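Single-letter residue listing:
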Amino acid sequence: MVARPRPNESSHYEVFWQKIAQGVITVDVCSSCNCPLPYGTLICKDHGLKDVQAHEIAPTGQIVTSTRIERHPHPLLDEEAPYTIGVVREDRFGALIYCRIEAESDNPGGRVEIRTKVYRDGVTLIVAVPLDGSSTVAPS
Ligand SMILES: [Zn+2]
């Protein structure tokens, strides 16, 4: 089977992926100002690196934006198309979470449950499941 492409696999993200595999979704948060740091940003712009810690995100959030993928250049992802990806703002820190959205259509503003899902190749990813019952994707 073709391996699923994964983003940044530096040692910093190893912890992120280990927690995802355990079903725990984390975000780096500055302890001084409680602001979530975007993935890939290891320092707070106001407080530097010293107080940044990983925290578990809220299990719910709101879709900021989403897009439907009809075709993908990577063979495995093309096999899974069509699917929806997007950005969700989680409720605890307001962190932006990039994830697969398990809905058949775009739904900006929609409320979602944010959780992990193990795909058929054994890779665990973050998914957002609409809370209003609009998901028509069969649960796994
Ligand atoms: Zn800060």
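The rules behind each value
Residues numbered from 1 in each chain as written. Predicted model: local features only at pLDDT ≥ 70, side-chain atom pairs only at ≥ 80, totals over all residues. Helix = DSSP H or I, 4+ residues; strand = E, 2+ residues; numbered from the N terminus. Buried ≥ 20, exposed ≤ 12 C-beta atoms within 10 Å, placed from the backbone. Contact = placed C-beta atoms within 7 Å. Core = buried A, V, L, I, M, F, W, Y, C linked by C-beta atoms within 7 Å. Pairing = 2+ DSSP bridges. Axes fitted to C-alpha atoms, helices over the stretch in contact; angles between N-to-C directions. pLDDT = per-residue confidence, 0-100.

1. Brief notes about the overall build of the protein
Part 1 of the argument: The helix and strand tally for the protein stands at two helices and seven strands.
Part 2 of the argument: For the protein, the sequential pattern of α-helices and β-strands runs α-β-β-β-α-β-β-β-β.
Part 3 of the argument: Here the protein holds 140 residues, and 22% of them are scored as buried.
Part 4 of the argument: Nonlocal contacts in the protein, meaning residues at least 24 apart in sequence, comprise 55% of its contacts between residues at least 6 apart.

2. Thoughts on the nonpolar core
Part 1 of the argument: In this structure, I57, V88, I97, C99, I114 and A128 are the most contacted members of the largest nonpolar core, which totals 17 residues.
Part 2 of the argument: Looking at this core, the elements that each hand over two or more residues are strand 1 (26-30), strand 5 (96-101), strand 6 (111-118) and strand 7 (124-130).

3. Points about the sheet that holds strand 6
Whether parallel or antiparallel, the strands of a sheet pair through hydrogen bonds between backbone atoms.
Part 1 of the argument: Ordered by their spatial adjacency, five strands build a closed barrel running 3-4-5-7-6, and the pairing between neighbours is mixed. Averaged over all pairs of adjacent strands, the angle between strand axes in this sheet comes to 45°, irrespective of strand direction.
Part 2 of the argument: When strand 3 (residues 60-69) meets strand 4 (residues 83-90), the two strands line up antiparallel, connected through eight bridges. Bridged to I63 within strand 4 is V88.

4. Observations regarding the pairing of strand 5
Part 1 of the argument: Sheet topology note: the strand 4/strand 5 ladder contains six bridges and is antiparallel. When the bridges of strand 5 are listed, G86 appears paired with C99.
Part 2 of the argument: Hairpin connection from strand 4 to strand 5: five residues lie between these consecutive antiparallel strands, with G94 at a positive phi of about 80°.

5. Focus: the environment of E70
Part 1 of the argument: Checked against the element boundaries, E70 lands in the loop between strand 3 and helix 2 (75-80).
Part 2 of the argument: Note on E70: 9 C-beta atoms within 10 Å, which makes it exposed.

6. Describing unusual backbone geometry
Part 1 of the argument: Cis rather than trans, the peptide bond between A81 and P82 has omega equal to 0°.
Part 2 of the argument: When you line up the elements, P82 lands in the loop between helix 2 and strand 4.
Part 3 of the argument: If you check the backbone angles, N34 has positive phi at about 60° while not being a glycine.
Part 4 of the argument: With respect to the helices and strands, N34 occurs in the loop between strand 1 and strand 2 (52-56).

7. Regarding the confidence of the model for the protein
Part 1 of the argument: Summing up the model confidence of the protein, the mean pLDDT is 85 and the portion of residues at 70 or higher is 89%.
Part 2 of the argument: Here helix 1 (residues 11-21) stands out as the element of the protein with the lowest mean pLDDT, 79, in contrast to strand 6, whose mean of 95 is the highest.

8. Digging into the environment of H55
Part 1 of the argument: With respect to the helices and strands, the residue H55 is situated in strand 2.
Part 2 of the argument: The exposure class of H55 is partly exposed, given the 14 C-beta atoms found within 10 Å.
Part 3 of the argument: Setting aside residues no more than four positions away along its own chain, H55 makes contact with T26, V27, V29 and F93.

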